[in-house]
Each structure stands twice: as C-alpha cells, then as structure tokens.
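# An overview of the molecular structure
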Amino acid sequence: MEKDFKAIADSLPCGLIITDNQLNIQYMNEFAREKIFSGTRNSIHANMRDQVYYTTDMRLFSMDDCMQNMINQGKRDFHKTLILKSYGDDRLVYFSVKGFTHKSSEFYIFNITDISGEMDCITYSPGTFGKGEFILRKKIIGHDPAIVEIYRMISLAADSEVNVLIQGESGTGKELVADAIHELSDRKNKPLIKVNCAALTETLLESELFGHVKGAFTDAYKDKTGKFEQANGGTIFLDEIAEISQSLQVKLLRVLQEKVIERVGDNKTIKVDMRIVAATNKDLRELIRHNIFREDLFYRLNVFNIKMPSLRERYLDIPLLIDYFVEKYNRTTSRSVKGLSKEAMKALLTYSWPGNIRELQNAIEHAFVLVRSGLIELADLPEEIRKGPKEPVDKKERDLSASVYYAEGFRKNKNRRLTINKEQLMGVLEMNDWNQTKTAEYLGISRVALWKKMKKLGI
Ligand SMILES: Nc1ncnc2c1ncn2[C@@H]1O[C@H](COP(=O)(O)OP(=O)(O)OP(=O)(O)O)[C@@H](O)[C@H]1O
Ligand SMILES: [Mg+2]
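Within the chain, the regular secondary structure consists of 20 helices and 18 strands. As presented, the chain carries roughly 23500 Å² of accessible surface, and 51% of it is formed by carbon and sulfur atoms.

Turning to the nonpolar core, a few remarks are in order. Membership of the largest hydrophobic core comes to 33 residues, with the highest contact counts inside it found for Phe 228, Ile 236, Leu 238, Ile 241 and Phe 293. Those elements giving two or more residues to this core turn out to be β9 (192-196), α7 (202-210), β12 (235-239), α9 (246-258), β15 (275-280), α10 (284-289) and α11 (295-301). The element contributing the most residues to this core is α9, with five residues. When sequence neighbours within four positions are dropped, the list of residues in contact with Ile 236 reads Ile 193, Val 195, Leu 209, Lys 227, Phe 228, Ala 231, Met 274, Arg 275, Ile 276 and Val 277. Counting residues in each nonpolar core, the second largest holds 28 residues, with Phe 325, Val 326, Tyr 351 and Ile 357 among its members.

Here helix α5 (residues 145-159) crosses helix α6 (residues 174-184) at 45°, and the two axes come no closer than 8 Å. In terms of orientation, α5 and α6 fall into the oblique class. Read as a crossing pair, α5 and α6 show a hand that is right-handed. Along the contact surface, α5 presents Ile 150, Ile 154, Ala 157 and Ala 158, while α6 presents Val 177, Ala 180, Ile 181 and Leu 184.

Our next topic: the site of ligand 1. Near ligand 1 lie 19 residues; those nearest to it are Ile 141, Ser 170, Gly 171, Lys 174 and Arg 358. In this structure, an oxygen atom belonging to ligand 1 sits 3.3 Å away from a main-chain N or O atom of Thr 172. Here an oxygen atom of ligand 1 sits 3.2 Å away from a polar atom, N or O, in the main chain of Leu 176. Of all the elements in the fold, those that place two or more residues in the shell around ligand 1 are α6, α12 (318-333) and α14 (356-370). Counting the residues that make up the shell around ligand 1, at least three belong to each of domain 2 (133-307) and domain 3 (312-456).

Attention shifts here to the pairing of β12. Where burial is concerned, most of β12 is hidden: five out of the five residues are buried. Neither face of β12 is left uncovered, since the one carrying Thr 235, Phe 237 and Asp 239 and the one carrying Ile 236 and Leu 238 both have all their residues buried. Here β9 runs beside β12; their pairing, made up of five bridges, is parallel. In the sheet register, Lys 194 faces β12, and the bridge partner there is Phe 237.

The subject of this paragraph is the sheet that holds β15. Judged by pairing direction, the sheet is parallel, and its five strands sit side by side in the order β9-β12-β15-β8-β16 without closing on themselves. What marks the edges here is a single partner per strand, and that holds for β9 and β16 (304-307). Direction aside, the axes of adjacent strands within the sheet are offset by 15° on average. Inspection of the sheet shows strand β8 (residues 164-167) paired to β16 by four bridges, in the parallel sense. In the sheet register, Leu 165 faces β16, and the bridge partner there is Asn 305. On top of the sheet, α5 reaches β8, β15 and β16; it is set at about 155° to β16, its chief contact.

Analysis parameters
Residues numbered from 1 in each chain as written. Chains lettered and ligands numbered in written order. Predicted model: local features only at pLDDT ≥ 70, side-chain atom pairs only at ≥ 80, totals over all residues. Heavy atoms only, no water. Helix = DSSP H or I, 4+ residues; strand = E, 2+ residues; numbered from the N terminus. Areas by Shrake-Rupley, 256 points an atom, 1.4 Å probe, with all protein chains shown as cover. Core = buried A, V, L, I, M, F, W, Y, C linked by side-chain atoms within 4.5 Å. Buried < 20%, exposed > 50% of the residue type's maximum accessible area, 1.4 Å probe, protein only. Contact = heavy atoms within 4.5 Å. Axes fitted to C-alpha atoms, helices over the stretch in contact; angles between N-to-C directions. Parallel < 35°, antiparallel > 145°, perpendicular 65-115°, else oblique. Left-handed = near helix turned anticlockwise from the far one by under 90°. Near = heavy atom within 4 Å. Polar contact = N/O pair within 3.5 Å; in protein donor to acceptor, adjacent residues only side chain to side chain. Domains from an automatic or database assignment. Pairing = 2+ DSSP bridges.

Have a look at this one:
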C-alpha cells in the first residue's frame, strides 16, 4: 500500500509535502520535487521554513509565524495564496496546510498548487495583483508602492484601447512599460512598431510614419509602407514624441482623429487600426505654454497618462535592481559575483541617479569589468558615483535599507546557520530595531542561539 500511495502521490498535478511538527520535510511527491524545489533538493533534511515566501502584495511571509498563529488559535489548518520564491523563480501558489496525528506524533501535510498560469482567472482585491502583474514583476523590477502603482496602470491600459502617454525622466523604463502594455493587451499577437521621433529629420520621419509612393520625392524609387500601416491591428510606440515638428503634429492629429493615413505623394486614404503609445522625457505642458507642442494633440495622446517615478523617488528598490543586474551580468559574462561591499552599496544608495535605472545598470556593467573578487567594491564603481552625493540624503533611512539588503541576502543563503557574518547579523538586528526576540524570529533561530552568535561575533 505504501508503494501504491507513492505512485498515486507522484501522479498528482500539485505539490504534496509532509513534515514533522518542526516543519522538517519527511516526504514530498514528484511535483514538489521537480516544480517547487526545482529538482535540486534532496527531500530529506530540507525544511519548509527555508523557502522564502511573499504575500501577493510582496510582503515577506513568515511560515513560522503563520504556523504558530494557527496553533495558538487552536486550529489545524490554513490556506493562503502566496508567492513562492524558490531558486530565483517566482511562482504564484495556493497553499494549504493541515495538521494530523500519526502514531501519536504530530505531522503537517502541505498541498501546494501552482496557479501562475491561471493569473487571468483570478480576481485580486485592489492593491494586490492586477492582470498580468505576475508577468510584469519579472520584467519591471520593483517593490516600491510607486512601481506597484505602475503595474496597476499598465494592467488598466492593457485592458482598454485608449491612447497612452508615458512621461518620465530618461532611463526610468518608459519603453519597458510600452512593451508591457502591448504584451498584455489583446493586440499582443499583432505587431508592436517602435519609432524614435528624435532620430530622423522631419521629411524622413514623415515618410517613415506614413510611407510614400514611388516618385513622391527625389529618393523615392519605389513604394514604401509606413509604420502606421505596419502597426495595423497592433500598437505603435512613438518615442520622444515632443521632438516632432509642428507640421507633423497636425498630420498626427488627423491620424488620431480619423484613423486614416495617406502615403506621401498619394491622396488615397488608407484606414488604420492601431493603438498609440507615446513617450517623452519632456514636460509637454511646458512646451504647450511655449507654443512648441499642440494642446489638442496633447489631449488626444494623453487619454491615459503614466508617470514613471525617478529612481531617487524609489531608492528602496535600488538593492533589488542591483541583485537583478548582478544576476543578469553573471549570466551573460559567466562570472559569479556575489554582490556589493557595504561601502559600494552605500554609495549606490546615496547617489542621485540622474540617468535612473539605465545609469544603475551601466554602473553594474562597469563594475563587472573591474571587479577582482566575488564582491563589487567601491573602487569598481564609476567615478561620479564614488564621489558621493551632491544633495543631502536621509542617511539613516538609507543605511537601514542597506541593512535590509544584507539581511535578505543572509536569509536567502541556504547554509545560513553556518555562515552568518558580523555585518549581516548587524544588518538583521538594525532592521529589527535591535529587538533580539524579533531578530531571532526573523532568522529562524532561538534567542539563546542568537545571543551566542552575537557574543561570538563580538556584537
Ligand atoms: N524596473 C526596471 N526593471 C528592470 N530593468 C529596468 C527597469 N526600468 C528600466 N530598466 C532598464 O533600464 C534601461 C532603460 O529603460 P528604458 O529604455 O525603458 O527607459 P526610458 O525611460 O525609455 O529611457 P529614455 O527616456 O532615455 O529613452 C533598459 O535597459 C531597461 O531594460
Ligand atoms: Mg526610451
């Protein structure tokens, strides 16, 4: 029968895990082994606590706390939708746990169903996930409420057909947002055509957008389909929209109003069906005031507005973005950089980032050229970042966010009980206001063990 049980359990399309009352895993079925533990784990010796969980609004979820609450309330089961962070891969899972007694010992049975693929069927409460948010989180990195709001805006924009204007400083991710809107919309199987309005002269841009017929101008040797026609059924992304000339603004306005175009040199009208997403790092209202940009065009483009936050406004995301880029360059350069020294981290957290995320990405790429050990040091960073901040910054808050970074890194470490160093432990303590009970809970160790560690490390 035991053999039968295993065969049956292995054929289940969900994870089944049995633990003792300390959450040490005693058994897991094939699905759990392959999909939840990514096939890298030997089931024995693993502990359910060792995985990192997030609630759907991206708060850390403590399995210990939750089990403790359950016991305190005299209950033997709980269920919850969680994000499972196992081995760098995010999965949305429906979690249910039930306690049972077998031969007078206490056990728990965990049932974990992967619902990542079911995203569209799930209705989330406001402030949590919107349509495709799970996909967005993998591409547009951030935890900050400002970026969560961007996820929401993208979902709303994707669900509608209206024109979208994305505004924000250089390097804040405007193009990523345009990509996401298209990808999540019903137009996703049709083309996304991108045009950089600043890259071409007026005449070239016009023929690029509208196309032309043979002989329309000197270099027009044959007919050419414009970008508007190419985007038919899909989306056109007009980047740097502030740069288009007055006369093109008038022509664009007509396209927006009438959904028709004429190729240059032709008077035949062609119907086009496309969604327009435009972007700019300029203040269009300011340009309107100076009669550089047409107000009527602005209102046509700006039906739905998305304002990208600067990196300065969401500096708490810096550690997260660093992790993301370090991982990315480790992959592309086959290196194994572990992270940043505390000094380097502080420099990045206090820098003003005029070039936003693109500049951060470049800084990490730069550091990868210079880094000698497994850790990026201050000296590996570009000079302007090493020179330090020009404006005063809230130092205490940023120090704290460096601590969170170290604490998280430590928590992710599988052999954490063996390897915690002084800096990491100080980080966790600082993050928990030096409250030893909370710190011990966070680390999943007893207070006595924490006290011993602190003593050993001379804290
Ligand atoms: N939230 C993010 N997560 C991960 N990568 C990001 C994020 N935001 C931006 N990036 C990366 O930063 C770079 C700049 O982003 P993007 O080109 O979308 O910015 P932009 O606002 O269009 O800038 P510009 O105004 O200079 O054209 C890209 O390489 C992009 O992949
Ligand atoms: Mg851009």
